[in-house]
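Report on the structure
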Amino acid sequence: MEPDSLPTEIILTHSRQPLGKIQLDWTPQPGNYLHLEGKTYTVLERRHRYTLKSGQYRLHQIALYVQPSSPPSEQSLVNGRWIIGDSRCRFNALSELIRCAVYPEGPCSTCRFYEQRNPDA
């Protein structure tokens, strides 16, 4: 096993069905998208599993709880992280998981509530 690579178990959230085990060289956060065997999943939760060796706990494995999804068609980069939707709208949640409260299914271009965010706010 490479030092930067962690064994990762992928689990479907609602049914708790394991989808497989893979080696990842990055640490997915909730809200990230994961492509596995031609399908796209949204990471909802990440759990760490540790082992005790020589009196110290060491990260042994990561479990990712996911749900099937399609990547959003609209994304904006804000402060180094990708969010869903148009970050210029004042109603945007600035989140990787939800677009906004008034029109969460999107897209922002057809939302009748779209308002430009006040740059001084």
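As recorded in an unreviewed UniProt entry, the protein chain goes by DUF6464 family protein and comes from Roseofilum halophilum BLCC-M91.

1. Describing the overall build of the protein chain
What the protein chain contains, in helices and strands, is zero helices and seven strands. From first element to last, N terminus to C terminus, the protein chain shows the α and β order β-β-β-β-β-β-β. What you see for the protein chain is a C-alpha radius of gyration of 18 Å, clearly larger than the 14 Å of a compact globule of 121 residues, by over 25%. Taking all 121 residues of the protein chain together, 34% fall into the buried category. In the protein chain, of all internal contacts separated by at least 6 residues, the share reaching a separation of at least 24 is 36%. Roughly 8300 Å² of accessible area belongs to the protein chain as shown, and the carbon and sulfur atoms make up 49% of that amount. Each charge class in the protein chain can be summarised by its mean position, and for the 14 positive and 12 negative side chains these summaries are 6 Å apart.

2. Details of the pairing of strand 5 (residues 56–68)
Note that strand 1 (residues 6–12) and strand 5 share five bridges and pair parallel. Looking at strand 5, one finds that E9 is bridged to A63. Here strand 4 (residues 39–53) runs beside strand 5; their pairing, made up of twelve bridges, is antiparallel. Each bridged residue has a counterpart across the sheet, and for T51 the counterpart in strand 5 is R58. The hairpin formed by strand 4 and strand 5 contains two residues between the paired strands, and S54 there has a positive phi angle of roughly 55°.

3. Focus: a nonpolar patch on the surface
Together, Y50, L52, Y57 and L59 make up a nonpolar patch on the protein surface, roughly 470 Å² of accessible area in all. Along the chain, the position of Y57 falls in strand 5.

4. Details of the side chain of T8
Note on placement: T8 falls in strand 1. Residues contacting T8, with those up to four places away along its chain left out, are G20, K21, I22, L24, I62 and L64.

5. A closer look at the sheet that holds strand 3 (residues 33–36)
Pairing within the open sheet is mixed, and its five strands lie in the order 2-1-5-4-3. Each having just a single partner strand, strand 2 (18–24) and strand 3 make up the two edges of the open sheet. The mean angle between the axes of side-by-side strands here comes to 40°, regardless of whether they run parallel or antiparallel.

Here is what the cut-offs are and how they apply
Residues numbered from 1 in each chain as written. Predicted model: local features only at pLDDT ≥ 70, side-chain atom pairs only at ≥ 80, totals over all residues. Heavy atoms only, no water. Helix = DSSP H or I, 4+ residues; strand = E, 2+ residues; numbered from the N terminus. Rg over C-alpha atoms; globule rule 2.2 N^0.38 Å. Buried < 20%, exposed > 50% of the residue type's maximum accessible area, 1.4 Å probe, protein only. Contact = heavy atoms within 4.5 Å. Areas by Shrake-Rupley, 256 points an atom, 1.4 Å probe, with all protein chains shown as cover. Lys, Arg positive; Asp, Glu negative; His and termini not counted. Charge placed at Lys NZ, Arg CZ, Asp CG, Glu CD. Pairing = 2+ DSSP bridges. Patch = residues over 30% accessible without salt bridge, like charges linked within 9 Å, V, L, I, M, F, W, Y side chains within 5 Å. Salt bridge = Lys/Arg side-chain N within 4 Å of Asp/Glu carboxyl O. Axes fitted to C-alpha atoms, helices over the stretch in contact; angles between N-to-C directions.

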